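Observations on chain architecture
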Amino acid sequence: QLQFVESGGGLVQPGGSLRLSCAISQYTSDYYIIGWFRQVPGKEHEGVSCIGSPHGDTYYKTSVKGRFTISRDNAKNSVYLQMNDLRPEDTGVYYCAVSRQVYLTCDYYDMDYWGKGTLVTVSS
C-alpha cells in the first residue's frame, strides 16, 4: 500500500500562489500517471492536472490552464502543483493520486491509489 504525504495547502487571498507537494513512499517511476484532483462538498473529485512519465505529457483542466503547472521528480518520488493567480473557485481539498494506466488520463476512475488530501482555501 502506497503512503502519500501531501503538503502546501492553506488559506490564500485571490491572486495569490501556493505550491502543493506530494511525496510517495514507492518508486513513482512504477506509475505512468501522477495527478492532482480537487473535491468540494457535494461534488465528485475532478481532475485538475495530471502528468505522465517518462515523456512528461500533461493534462490541465481548462479553468486552470496558464495558471497551474504540474511537475514530477521521480528521483524524489514526488509530484508538485504550482498554483498561481488563485481564484475563489479553486477552493477545495486537493488529492494526489497515481495510476498504472499506460495512456494519459486524468479521470478519477482510472486512478489506483490516493492520498488523504490537503485543503486549499482562496478567500479575501
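In what follows, the accompanying structure is described. Because the structure is predicted, anything quoted here is derived from the model rather than measured.

1. Overview of the sheet that holds strand 3 (residues 18–24)
Ordered by their spatial adjacency, 4 strands build an open sheet running 1-3-8-7, and the pairing between neighbours is antiparallel. The open sheet has two edge strands, strand 1 (4–7) and strand 7 (68–73), and neither has a second partner. Strand-to-strand twist across the sheet, computed as the mean angle between neighbouring axes with direction ignored, equals 10 degrees. Bridge count between strand 3 and strand 8 (residues 78–83): 6 bridges; the pairing is antiparallel. In the strand pairing of strand 8, Ala 23 is matched with Ser 78.

2. Thoughts on the state of the cysteines
Per the counting criterion, the structure on display carries 2 disulfides. Cys 22 shares a disulfide with Cys 96; S-S distance 2.3 Å. As the torsion about the S-S bond is roughly -85 degrees, the Cys 22-Cys 96 disulfide counts as left-handed. Taken together, the residues span a long stretch of sequence, with Cys 22 in strand 3 and Cys 96 in strand 9 (residues 92–99) at a distance of 74 residues. Assessed through its relative accessible area of 0%, Cys 96 is described here as buried. The disulfide bridge from Cys 50 ends at Cys 106, spanning 2.1 Å between sulfur atoms. Given an S-S torsion of about 70 degrees, the disulfide between Cys 50 and Cys 106 has right-handed geometry. Pair noted here: Cys 50 is in strand 5 (residues 46–52) and Cys 106 is in the loop between strand 9 and strand 10 (113–114), with a separation of 56 residues, a long-range link. Owing to a relative accessible area of 14%, Cys 106 belongs among the buried residues under this scheme.

The rules behind the values
Residues numbered from 1 in each chain as written. Predicted model: local features only at pLDDT ≥ 70, side-chain atom pairs only at ≥ 80, totals over all residues. Heavy atoms only, no water. Pairing = 2+ DSSP bridges. Helix = DSSP H or I, 4+ residues; strand = E, 2+ residues; numbered from the N terminus. Axes fitted to C-alpha atoms, helices over the stretch in contact; angles between N-to-C directions. Disulfide = S-S within 2.5 Å. Buried < 20%, exposed > 50% of the residue type's maximum accessible area, 1.4 Å probe, protein only.

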